[in-house]
Number of protein chains: 4
Amino acid sequence: MSNSNPAYQLLASQLQDGGFDIENIKTKLKQQHIETPSWGYGNSGTRFRVFPWPGAARTTKEKLADAAMVHQLTGVAPSVALHIPWDKVEDWDDLKKYAAAIGIKIGAINPNVFQDEVYKFGSICHADPAVRKRAIVHILECVEIMKITGSRDLSLWFADGTNYAGQDSIRGRKHRMQEALAEIYHALPPNTRMLIEYKFFEPAFYHTDLADWGIAYAAALKLGPQAQVLVDTGHHAPGTNIEHIVAILLDEGRLGGFHFNNRKYADDDLIVGSVNPYELFLIFNELVAAAVSKEKVPSNCAKNVAYMIDQSHNIEPKIEAMVQSVINCQVALAKALLVNRAKLAERQAAGDVLGAHRELNAAYETDVRPLLAQVREEMGLPSDPIAALQARRYEEKIAQERGSASAEGGGFPGA
Amino acid sequence: MSNSNPAYQLLASQLQDGGFDIENIKTKLKQQHIETPSWGYGNSGTRFRVFPWPGAARTTKEKLADAAMVHQLTGVAPSVALHIPWDKVEDWDDLKKYAAAIGIKIGAINPNVFQDEVYKFGSICHADPAVRKRAIVHILECVEIMKITGSRDLSLWFADGTNYAGQDSIRGRKHRMQEALAEIYHALPPNTRMLIEYKFFEPAFYHTDLADWGIAYAAALKLGPQAQVLVDTGHHAPGTNIEHIVAILLDEGRLGGFHFNNRKYADDDLIVGSVNPYELFLIFNELVAAAVSKEKVPSNCAKNVAYMIDQSHNIEPKIEAMVQSVINCQVALAKALLVNRAKLAERQAAGDVLGAHRELNAAYETDVRPLLAQVREEMGLPSDPIAALQARRYEEKIAQERGSASAEGGGFPGA
Amino acid sequence: MSNSNPAYQLLASQLQDGGFDIENIKTKLKQQHIETPSWGYGNSGTRFRVFPWPGAARTTKEKLADAAMVHQLTGVAPSVALHIPWDKVEDWDDLKKYAAAIGIKIGAINPNVFQDEVYKFGSICHADPAVRKRAIVHILECVEIMKITGSRDLSLWFADGTNYAGQDSIRGRKHRMQEALAEIYHALPPNTRMLIEYKFFEPAFYHTDLADWGIAYAAALKLGPQAQVLVDTGHHAPGTNIEHIVAILLDEGRLGGFHFNNRKYADDDLIVGSVNPYELFLIFNELVAAAVSKEKVPSNCAKNVAYMIDQSHNIEPKIEAMVQSVINCQVALAKALLVNRAKLAERQAAGDVLGAHRELNAAYETDVRPLLAQVREEMGLPSDPIAALQARRYEEKIAQERGSASAEGGGFPGA
Amino acid sequence: MSNSNPAYQLLASQLQDGGFDIENIKTKLKQQHIETPSWGYGNSGTRFRVFPWPGAARTTKEKLADAAMVHQLTGVAPSVALHIPWDKVEDWDDLKKYAAAIGIKIGAINPNVFQDEVYKFGSICHADPAVRKRAIVHILECVEIMKITGSRDLSLWFADGTNYAGQDSIRGRKHRMQEALAEIYHALPPNTRMLIEYKFFEPAFYHTDLADWGIAYAAALKLGPQAQVLVDTGHHAPGTNIEHIVAILLDEGRLGGFHFNNRKYADDDLIVGSVNPYELFLIFNELVAAAVSKEKVPSNCAKNVAYMIDQSHNIEPKIEAMVQSVINCQVALAKALLVNRAKLAERQAAGDVLGAHRELNAAYETDVRPLLAQVREEMGLPSDPIAALQARRYEEKIAQERGSASAEGGGFPGA
């Protein structure tokens, strides 16, 4: 392993002087695992327009191929989440073999109970038991798929909600939801988890049945230990302190995972860390803090958090956007690992408001690009994944192969 | 004219006791004019799903027919805004005759410079002069259509903006926008207006070139008196006091019109007055106050405000939703007309904070449904437009005629 | 009992035609109970300025006298919440006798753990165990006061939080909080409750230890059934659907009570119902719905909700503002009682989005002022409490008696 | 000049390779000018509590002494803004001499028209002409003080607004405001400026007369070229893109200056750059871009922007907080100067969304601490101003001298 980069050498010597174990930090960076979503490789857009992207994946295998490319370039994106029925295939064994062959695993399974005609007024919260049953049956089918694919996580997002006050009974819908979740929960295989995602609004505009972490948490508590909360970083009210929620859920042993993305306004679904990189750092800081904490955090929780990307690349090249997203998560983790936790705790205990804040920020202000380049080199990867992507002309190649008329693969309306 | 309704009689006598001229109030209610949008009769949806509505209009004539039905039922919706190219027809004379035959006029013309492939990074703010030219040419074509249709208002909304910091030069885009608007402005026929709409965000998520009323106002000032600002009630940051903006623009003589709808979160595009009816009342209160004010408000402005609905009925029956929208605007205007302005001014001058607030709210708390029923009867209209719509089974009829496969008419992706 | 008011007679006959039991509705309105806060009668202000109000109460007895006046005028404000140490007296028996003599009861006890010098960085979450101990001791003293005053509710608000990322350990503070709450909980007498209030932000600006209902709920769950959540209507992120939270907490049996006020921006602490009266109606609608629901709502919860006002009257006459607040709560309850729940449920079951919405709004649009006037007359009260207040010249009298130099009674800085 | 720091040497060589003129960058950093506010050295707090700070300045001279210390440590804070009447002195010549002796200048003059009893309902927008007159007279007195102190900027913030709909006429208040501003404008000496500050809300909670940049801009346009808009970074609605407003105002030649601070929720008045450092970088990026732009930006505007801090240090040591604020502005400017504008423009022109974004972010990710240390050394200043402050024990010394009972100097209620 060479570490001939002078910037890295300087950083390494500074860290060593600061008492950090640089090898341990690099090991943790090499073990990072970011799951990319199959639907991030197909077309997507806003309600106003889906701009088809030349090269957008048309089939599940093409999505897997794109995900594999992201993993080849970054080394830390070894799995891909599937969306059913968008990614449903006839021959699952064939798909698994294909995935293995290209060096990728199948990750979380995401049912879709928001696009069928019958789901106009909701799925598992719908007033009509027949609609609820249909949604449950679909999700149970996804549980079966989990068994085949070896997926650990059933990732549940419901578009359920209402658009007008009075449209339906809020508590009535809550009861229907809990009943449906219980039926699904009981079908979960051992060692798997149900991740319950919440969302502030959209597509429902008066109330969303699972509107905040508290509702998801209360539901999970009643279901049992395999039920966990999924934090989508774009699903909060303006001003919400997301790292606080992360800390709470970690401490309660109920943080199941993330859907990473970034937003300035609503659920903008931009590249994670692109709008507010400091916030992403603070989220990773809570995760690292919990992992090394002496204060009890239910240990399986901290270890098992699923780090997944869920974005909507409307105007960006899709592979490049995904590689950038993975890099942004690496930067945030790297900085979080550079926090001197002993000194931070000392400043906190002393009531040194700004001293503690500065101790945290010393890590944030550090340029970790040389460190990550070194980590990549040690992993046998290109030190600059974006440059490598461009050098390989992968996006040009798939554009030629797949063509820009490939709108059908998206799953989203208009895609 | 009968006024046998005891509730109306009671209200009329109370108003008379309070010094109100009830005939004048009714006259103003009869003169109210709410323009409905052609695109409100086709399918629309969210980025997640467009639920096709059985009966959704497939052609421009069908949209006009639906708008005519709303006018037949309410008597105050005599015009319909068109969206080009969605509503472009071969034979405009034929369309005008058809409109006249069914008792409706063509209102504002709305160009579309956000759905063509080339507009991925903007239209009149695009870095490429060829794209800007194309957008300008399209808008100039719309100006030609205005001449044929006799439309007074060119209603401009631009989806232009960026998704990532650094993506483009904010000031560079501003200069391109002003240049393009100037070219369009000079093509306007006399006695017509350019309405410049602003929007906080969406579909752009980092910056929107026309993000707030101030930017639209600054642009309009440079263009000239025919350039006015259009207030879409859903296009503001959380907490924004919209009636304040309305008052400012009225006072500056630059309030061109409204796109009415309502929102709780983002640009939810729900039925106007359904989320916050008090806010709608306060907006109409400023409009009525300006109309009767002794303080100088540039008079053509107050008189010429265009009241237009712009909503997205994703789960509601479209005609019913439009009728309800018109009714909600009637309720808000009726209440605003019941404010005792002399007493209000007296309480304000006295520094009587709560007395003034109560004087305003006395109008808001009044049940104006009997008054509106009376107005409708005097206009020879059904006193309950919703009941009349249901009695006529219009929505059932068009569902049968047009069928639920009629997705193509929407114009929106997936529709 | 006369009901000579023609407006009331008309309304009563309409309601009777609609199948409503008007006597039952009036009974519920007569049983309404709104608790006013002692601190609402002293001076308060913003961080920029406290404008002293001539007549502001200087002593606990003066605050009780003012509260008694509000009750005399409205008939539904029979109790007053106390704030310790602001309202601490030497002779509690004397205070109880005084209260009884003027027809008022002592309600919730509110400890103050945010104004002492030592609480600069928090109280029960403070890093220093001595500070936490001091806060606990103060709250335990309040529990003792509850025993003397016969108060049912210990109402806890903590200003605890941090201003800068890294300032303190979020999870460390959470553990300290839970430990302290447990110690306090164990000291609660039977048949009393601990109400845990949450707040989005202010005075802490990075994170607030009890930031949302989920955190308060999770804490309450661990404590036991006497721990309940208190919803202050001004303590949420922009756009939050408060009635949804109310419905969830009712359904979970953990809604302990309200601190009523209204806000447009932050924790503005304006008069309840003055910014968004429709929202207040929707909150009461959930409460009424839960009370009459066939779906199980833990019954003690629905019955025992404490309705308390917590506002900051910075520029308004304080007694008038309080009377207006009580009236606004009456209006909201009256309208919620006029919802035809059978028809509403029918429309909801039918998936009639706008029909259901209209059914709810039919109640909201009703002018309930005649009904409330009738209720007041039947209770032997002035039909217009504001007019009665003005006629009695109570505010003028206390201004003369107490003088405008009476700033010391407020408890807030500058007051 | 030594530049023995290896981190700086590495950065310098990297920048040189990248085509940057490092000497020019350092020159610009040495010329940076951040004005600190006199009121930042006295006590301040929230409406709940002002925690007195031992050492808080009690007199104008003490405030100047503190500001001089900040300048001694940082070298880029040579002026201090005054607040009248808080900082009013008998002998202005004496104060000027004192300031000169300690190496500091007097900067902007800030009138106070929000704390007198008469301003309860506003100052220059008040319904009573006598109150307006009083406010104008006070501000004209401040104009006289400007002449004595040689201040260039009259910095105007008005707390004017209303708390309840209907409380006063929005347009009536607008007219009064414009009239008053015109009277003040005409009294301005040549070569001075009136900076008009806007604020979203607080202390007014229904409407603020100067609520957004558009209102301030429209007022400034009518007054003339000496009237400019002041951007307080904490005075916007949630989600507002502040750098967009900065770009617009620069482009219109109306950006007068900044009140720097940072916020997560409302006008939190935290240390600038502490909540969202990326946003501060983006603001400085627009300023640097405008300064070097070939597109016409009215040049006096870009050159004359006043960079002022306006924060409320409630729990932090005040001198340390101010030094940290200055450092954060240095970091933001340094990073903005490292943007490769030619490459950025090239990526923008090419429609390379993520390439352009990365080009911008390459500057942001750079660790500029070594560069700033070098700049400080070259200026003969301590390379770490915070460490130097602590070494000098200045805060300990003033705590002893001034004592913690020194609450009277704050100017804020409770202070």
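Throughout this document, residue positions are counted from 1 along each chain, in the order its sequence is written. Note on labels: chains are lettered from A, ligands numbered from 1, in written order. pLDDT decides what is reported in this predicted model: residues at 70 or higher carry local features, side-chain atom pairs at 80 or more are listed and counted, and totals for whole chains, interfaces and linings draw on all residues regardless. To get the side-chain values, take all heavy atoms of the structure and skip hydrogens and water.

Enquirer: Any chance you could explain the overall build of chain A here in plain terms?
Expert: Along the backbone of chain A there are 16 helices and ten strands. Radius of gyration here is computed from C-alpha atoms only, and the compact-globule reference equals 2.2 Å multiplied by the residue count raised to the power 0.38. Here the C-alpha atoms of chain A give a radius of gyration of 22 Å, agreeing with the 22 Å that 2.2 N^0.38 yields for 415 residues. Seen through its principal axes, chain A has C-alpha atoms that stretch 65 × 55 × 40 Å. Taken over 415 residues, chain A has a buried fraction of 70%. For chain A, the accessible surface area stands at approximately 13200 Å², while carbon and sulfur atoms represent 51% of it. The numbering of helices and of strands both runs from the N terminus, where a helix is a DSSP run of H or I of at least 4 residues and a strand a run of E of at least 2. Throughout, exposure labels follow a simple rule: accessible area from a 1.4 Å probe, protein chains only, divided by the maximum for the residue type, with under 20% read as buried, over 50% as exposed, and the rest as partly exposed. To measure how exposed things are, a 1.4 Å probe is used in the Shrake-Rupley method; for residues, cover is taken only from the protein chains shown.

Enquirer: Would you mind showing me how to read the interface of chain C and chain D here?
Expert: Accessible area lost upon the coming together of the parts serves often as the stated size of an interface. Taken together, the contact pairs 45 residues of chain C with 45 residues of chain D. Once two parts are joined, some of their accessible surface, as seen by a 1.4 Å probe, is lost; buried area is that loss totalled over both. Taking both sides of the interface into account, the surface hidden between chain C and chain D amounts to around 4200 Å²; carbon and sulfur atoms contribute 62%. Basic side-chain nitrogens of Lys or Arg form a salt bridge, by our definition, when they fall within 4 Å of a carboxyl oxygen of Asp or Glu. Between the two partners, chain C and chain D, sit eight salt bridges. Across the salt bridge formed by Arg49(D) and Glu117(C), the nearest N and O atoms sit 2.7 Å from each other. Of the residues that constitute the side of chain C that touches chain D, the class distribution is 23 nonpolar, ten polar and twelve charged. Residues count as neighbours in contact if any of their non-hydrogen atoms are within 4.5 Å of one another. Each residue is assigned to one of three groups, with Ala, Val, Leu, Ile, Met, Phe, Trp, Tyr, Cys and Pro labelled nonpolar, Asp, Glu, Lys and Arg labelled charged, and all others, Gly among them, labelled polar.

Enquirer: Just checking my understanding: could you explain the relation of the copies chain C and chain A for this structure?
Expert: Relating the two copies of this chain is a rotation about some axis coupled with a shift parallel to it. Between the two copies, chain C and chain A, the superposition gives an RMSD of 0.0 Å; the rotation angle is 180° and the shift along the axis is 0.0 Å. Put plainly, the chains are arranged around a two-fold axis. Closest to the rotation axis within chain C is the C-alpha of Gly214(C), separated from it by 2.1 Å. Here 100% of the contact residues of chain C are again contact residues in chain A; the copies associate through an equivalent surface. Least squares is the method for superposing the copies, and the C-alpha atoms it fits come from residues with pLDDT of at least 70 in both.

Enquirer: Could you clarify how one ought to interpret the interface of chain C and chain A in this entry?
Expert: Each side of the interface is counted separately: chain C has 55 residues, and chain A has 55 residues. On the chain C side of the interface with chain A, the three residues burying the most area are Arg171(C), His244(C) and Gln348(C), jointly 16% of the side's total. Where chain C meets chain A, there are eight salt bridges. Between Glu252(A) and Lys222(C) there is a salt bridge, with the nearest N and O atoms lying 2.4 Å from each other.

Enquirer: It is not clear to me how the relation of the copies chain C and chain D should be interpreted in this structure. Could you clarify?
Expert: When chain C is fitted onto chain D, the two copies agree to an RMSD of 0.0 Å after a turn of 180° and an axial shift of 0.0 Å. A share of 100% of the interface residues of chain C reappears at the interface of chain D, consistent with the copies meeting face to face through the same patch.

Enquirer: I keep staring at the packing of helix H11 (residues 318-337) of chain C against helix H16 (residues 394-402) of chain C and nothing clicks. Help me out?
Expert: Pairs of packed helices are described in terms of their axes, by the angle between the two and the distance that separates them. Residue and element names in this part refer to chain C. Axes here mean lines fitted to C-alpha atoms, for a helix over just the part in contact, with angles spanning 0 to 180 degrees between N-to-C directions. One way to put it is that H11 packs onto H16 with a least axis distance of 9 Å and a crossing angle of 145°. In contact with Lys318, Ile319 and Glu320 of H11, H16 contributes Tyr394, Glu395 and Ile398. Considered class by class, the residues forming the contact of H11 with H16 number three nonpolar, no polar and three charged.

Enquirer: Sorry, what's going on with the confidence of the model for chain A here?
Expert: How sure the predictor is of each residue is captured by pLDDT, a score from 0 to 100. Model confidence for chain A is summarised by a mean pLDDT of 95, while 95% of its residues fall at 70 or above. Our summary of model confidence lists the complex with pTM equal to 0.97 and ipTM equal to 0.96.

Enquirer: For this particular structure, what's the right way to read the pattern of salt bridges?
Expert: Two side chains of opposite charge can pair, provided their charged atoms sit close to one another. Under the definition given, this model contains 136 salt bridges over all chains. Note that Asp269(B) is salt-bridged to Arg47(A), the shortest N-O span being 2.9 Å. Remark: Arg47(A) occurs in the loop between strand E1 (36-37) and helix H3 (60-74) and Asp269(B) occurs in the loop between strand E9 (255-260) and helix H9 (277-291); the pair is interchain, linking two chains. For Asp269(B), a relative accessible area of 6% gives the class buried. Residue classification places Arg47(A) among the buried positions, given a relative accessible area of 11%.

Enquirer: Would you mind going over the environment of Pro238(D) with me for this structure?
Expert: One can find Pro238(D) in the loop between strand E8 (227-232) and helix H8 (242-251). Sequence spacing of Pro238(D) and Ala266(D) is 28 residues, and the spatial spacing of their C-alpha atoms is 7.9 Å.

Enquirer: Would you take a moment to explain the pairing of strand E10 (residues 306-309) of chain C for this structure?
Expert: Residues and elements named next belong to chain C. Going residue by residue along E10, you find Ala306 and Met308 tucked away on one face and Tyr307 and Ile309 tucked away on the opposite face as well. Two strands pair if DSSP finds at least two bridges between them. Bridge analysis of strand E9 (residues 255-260) against E10 gives four bridges, and the strand direction is parallel. Looking at E10, one finds that histidine 259 is bridged to methionine 308.

Enquirer: Before we go on, may I ask you to explain the side chain of Lys26(B) in this structure?
Expert: All names here are of chain B. Summarising the element assignment, lysine 26 is placed in helix H2 (residues 22-31). Taking the relative accessible area as the measure of exposure, lysine 26 reaches 2% and is therefore buried. Setting aside chain neighbours within four positions, we find lysine 26 in contact with Tyr8, Leu371, Gln374, Val375 and Glu378.

Enquirer: It is not clear to me how unusual backbone geometry should be interpreted in this structure. Could you clarify?
Expert: One can expect most non-glycine residues to show negative phi and most peptide bonds to be in trans. For the bond from Ile84(B) to Pro85(B), the omega torsion is 15°, close enough to zero to count as cis. One can find Pro85(B) in the loop between strand E2 (79-84) and helix H4 (92-101). Cis peptide bonds are those with omega within 30 degrees of zero, and the linkage from Glu202(B) to Pro203(B) qualifies with 10°. Looking at where Pro203(B) falls in the secondary structure, it is placed in the loop between strand E6 (193-197) and strand E7 (207-208). Residues other than glycine seldom take positive phi values, yet Glu202(D) does so here, at roughly 80°. Turning to its location among the elements, Glu202(D) is positioned in the loop between strand E6 (193-197) and strand E7 (207-208). Of the residues examined, Glu202(D) reaches a relative accessible area of 15% and is grouped as buried.

Enquirer: Could you clarify how one ought to interpret the packing of aromatic side chains in this entry?
Expert: Two descriptors summarise a pair of aromatic rings, namely the distance from one centre to the other and the angle between the planes of the rings. Residue and element names in this part refer to chain C. Pairing of aromatic rings covers Phe, Tyr and Trp, the last counted by its six-membered ring, and requires centre-to-centre distances within 6.5 Å; plane angles under 30 degrees mean stacked, over 60 mean edge-to-face, and any other angle means tilted. All told, the structure shown has 70 aromatic pairs over all chains when counted by the stated rule. Here tryptophan 213 and tyrosine 217 contribute two aromatic rings whose centre-to-centre distance is 5.6 Å and whose plane-to-plane angle is 55°, an arrangement assigned as tilted. Separated by four residues within a single helix, tryptophan 213 and tyrosine 217 lie in helix H7 (residues 213-223), roughly one turn from each other. Each member of the pair tryptophan 213 and tyrosine 217 is classed as buried. The criterion for a charge sitting over a ring is simple: Lys NZ or Arg CZ within 6 Å of the ring centre, and within 35 degrees of the ring normal. Taking the ring centre of tyrosine 98 as reference, the NZ or CZ of lysine 61 above it sits at 5.2 Å. When the ring centre of tyrosine 364 is taken as origin, the NZ or CZ atom of lysine 335, which lies over that ring, is 4.4 Å away.

Enquirer: Even after reading the chapter, I still don't get the pairing of E6(B), so can you show me in this structure?
Expert: The two faces of the sheet receive side chains in turn, since in a regular strand these alternate between them. Residue and element names in this part refer to chain B. The buried count for E6 comes to five of five residues, which makes it a mostly enclosed element. Of the two faces of E6, the one holding Arg193, Leu195 and Glu197 and the one holding Met194 and Ile196 are both buried throughout. Pairing geometry for E6 and strand E8 (residues 227-232), over four bridges, is parallel. Paired with isoleucine 196 across the bridge in E8 is valine 229.

Enquirer: Which parts of the structure should I look at to understand helix H3 (residues 60-74) of chain B?
Expert: Structurally, the α-helix is built with 3.6 residues per turn, so residues lying three or four positions apart point the same way. Residue and element names in this part refer to chain B. Working rule for helices: expected span equals 1.5 Å times residues minus one. Here H3 is 15 residues long and its end C-alpha atoms lie 21 Å apart, about the 21 Å a rise of 1.5 Å per residue gives. Within H3, 13 of the 15 residues are buried, which leaves the element mostly enclosed by the surrounding structure. Once H3 finishes, glycine 75 follows within two positions and takes phi at roughly 75°, a positive value.

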